Amino acid sequence: MSALLDLFLGVVTSIGGFVEVGSISTSAQAGAEFGFQLLWAVAIASAMLALLSEMSGRLAVMSKRTMAAAVRERFGIHFHVVPLCAELVLDVLLLTAELGGAAIAVTLLTGVGFQWWVLPIALLVWMTLWFSRFSVVEYGVGLLGLVTLSFVLAAWRLGPHTRDLARSFIPSVPAHDPVRYAFLAISIVGATVSPYLLNFYSSGTIEEDVTQDELWINSVTAYAGNLFGSVVAMGVLVTSAMVIGPLRITIASYEQAALMFVPAFGSWAVGLFALSLGIGCIGAALEISLNMGYVLSQVFGWSWGANKPRGENARFTCAFTVILVVATAIALMGFDPLRLTTISVALTVVVMPLMVLPFLVLMNDTKFVKSQTNTVVGNAVLAVLTVLGALMALVVIPLEILGG
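Read on for an overview of the structure. (Residues numbered from 1 in each chain as written. Predicted model: local features only at pLDDT ≥ 70, side-chain atom pairs only at ≥ 80, totals over all residues. Heavy atoms only, no water.)

## Digging into the packing of aromatic side chains
Following the criterion strictly, the structure yields 13 aromatic pairs and no others. Here the aromatic rings of phenylalanine 151 and phenylalanine 261 are separated by 4.9 Å at their centres, their planes lie at 55°, and the arrangement is tilted. Of this pair, phenylalanine 151 sits in helix H9 (residues 150-158) while phenylalanine 261 sits in the loop between helix H14 (254-257) and helix H15 (262-265); the two residues are 110 residues apart in sequence, bridging distant segments of the chain. Of the residues examined, phenylalanine 261 reaches a relative accessible area of 0% and is grouped as buried. Ring centres of phenylalanine 261 and phenylalanine 265 lie 5.1 Å apart, and the angle between their planes is 70°; on these two criteria the pair is classed as edge-to-face. Just as phenylalanine 261 is buried, phenylalanine 265 falls in that class too. Among the aromatic side chains, those forming a connected cluster through ring pairs are Phe134, Phe200, Tyr294, Trp304, Phe316 and Phe320. Taking NZ or CZ as reference, arginine 74 lies 5.6 Å from the ring centre of phenylalanine 75, over its face. (Phe/Tyr/Trp six-rings, centres within 6.5 Å; stacked < 30°, edge-to-face > 60°. Helix = DSSP H or I, 4+ residues; strand = E, 2+ residues; numbered from the N terminus. Buried < 20%, exposed > 50% of the residue type's maximum accessible area, 1.4 Å probe, protein only. Lys NZ or Arg CZ within 6 Å of the ring centre and 35° of its normal.)

## A closer look at the packing of helix H5 (residues 67-75) against helix H19 (residues 352-362)
Running from amino to carboxyl end, H5 crosses H19 at an angle of 70°, the nearest separation of the two axes being 11 Å. Considering the angle they form, H5 stands roughly perpendicular to H19. Relative to H19, the crossing made by H5 is left-handed. Contacts from Met67, Ala70, Val71, Arg74 and Phe75 in H5 reach Pro358, Phe359, Val361 and Leu362 in H19. For the contact of H5 with H19, the per-class residue count stands at 8 nonpolar, no polar and 1 charged. (Axes fitted to C-alpha atoms, helices over the stretch in contact; angles between N-to-C directions. Parallel < 35°, antiparallel > 145°, perpendicular 65-115°, else oblique. Left-handed = near helix turned anticlockwise from the far one by under 90°. Contact = heavy atoms within 4.5 Å. Nonpolar A, V, L, I, M, F, W, Y, C, P; charged D, E, K, R; others polar.)

## What to know about the side chain of threonine 386
With respect to the element layout, threonine 386 can be found in helix H21 (residues 376-403). A polar contact is formed between the side chain of threonine 386 and the backbone oxygen of leucine 382, at a distance of 2.8 Å. With sequence-adjacent residues up to four places away left out, threonine 386 is seen in contact with Val356, Leu357 and Leu360. (Polar contact = N/O pair within 3.5 Å; in protein donor to acceptor, adjacent residues only side chain to side chain.)

## Points about the packing of helix H11 (residues 178-192) against helix H18 (residues 337-350)
As a packed pair, H11 and H18 sit with axes 8 Å apart at the nearest point and diverge in direction by 80°. Relative to H18, the element H11 lies roughly perpendicular. Of H18, the residues touching H11 (which contributes Phe183, Ile186, Ser187, Gly190 and Ala191) are Thr342, Val345, Ala346, Thr348 and Val349. A class-by-class count of the residues in the contact of H11 with H18 yields 6 nonpolar, 4 polar and no charged.

## A closer look at unusual backbone geometry
Of all residues except glycine, most have a negative phi; of all peptide bonds, most are trans. Despite not being glycine, arginine 248 has its phi angle at roughly 60°, a positive value. Its location among the elements puts arginine 248 in the loop between helix H13 (215-243) and H14. On the basis of relative accessible area, arginine 248 is assigned to the exposed category, the value being 77%. Phi at lysine 370 is positive, roughly 55°, even though this residue is not glycine. Its place among the elements puts lysine 370 in the loop between helix H20 (366-369) and H21. When its relative accessible area of 40% is taken as the criterion, lysine 370 is described as partly exposed.

Pasting the structure below:
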């Protein structure tokens with residue numbers, strides 16, 4: 001019964017880490033500019049994340065090591081220092097964008113400038129991390145994140161044609177601005193397949209002490225949970241396409257994006273959008289901060305764990321506190337959260353090969369996964385993802401300059 005409850009919570013709360021500032025912004029922009037055409041990109045990105053999440057969870061169950069710890073042990077610190085530094089920079093940028101997104105959500109509700117809300121939100125995130133166990137961060141905030149289902153409800157109320165939606169799952173050539181189209185497609189991948197999600201997932205698997213007999217729970221959670229989250233991201237895209245698209249507006253701020261709820265929810269539109277954005281961003285901020293505590297502790301061999309008293313994990317606590325302080329300081333400078341999100345998801349794509357390549361080695365090393373090595377099909381898919389990641393890494397910055 002406990003296993004089934006964990007499975008249910010794992011699936012429904014996956015939405016909390018999936019729908020945040022990156023997925024909301026990229027999906028909203030894609031819908032506003034290209035209608036339903038980029039639904040295929042959301043589907044492919046979600047499948048990539050599901051596959052890598054399942055593997056990182058399987059690695060954690062079989063080896064009792066997280067992704068960061070396994071890479072450090074298998075490849076050594078000289079290799080790991082590059083992806084470690086890259087993830088540190090990315091997580092700071094993402095955390096800054098999440099804090100800014102949450103602050104803008106409060107601004108939508110109050111009318112007070114978003115910079116005034118950055119510090120209180122950062123303090124709320126830190127206090128939650130200080131006083132809460134892992135289950136509160138993962139399940140509590142995730143359940144609150146179910147408010148983002150309002151994007152799906154809005155899309156359903158607007159009544160898109162099923163045939164048009166189905167056609168959009170097949171990649172097609174855009175009628176205009178192909179460079180921008182390509183950049184948004186790659187940005188959707190970068191916003192979805194973020195490095196912090198994979199190590200956070202493997203760390204959570206160890207925190208929850210998932211056993212080898214419960215490997216099926218890991219598989220179902222990874223695939224069904226990400227499918228659930230992808231439906232919400234698709235809801236953002238469809239709603240934006242049907243409301244913002246006909247207005248010929250290019251979304252340049254979250255205030256503009258909030259307009260997509262008006263036809264479906266009327267006077268509730270801005271408040272509901274603000275809640276969806278704010279809770280999604282706070283949930284992601286909690287996960288990113290906690291993950292940096294995980295990563296630094298696991299790489300350098302410190303004691304770690306959200307379920308342990310903070311006094312017994314001083315360096316772990318210090319790690320997530322420092323990154324939160326740095327991100328808060330940057331957010332207080334007034335950088336545009338939407339622009340910062342665009343930059344961070346592009347940089348995520350740049351480092352994607354470094355993120356995917358270790359899976360090819362670790363998931364075939366019996367020292368780590370024992371009898372649960374990858375199948376031929378799994379390795380073939382990983383090889384394709386590695387090549388695809390390398391190609392996207394080569395083109396994303398030129399596309400950012402030309403069409404971003």
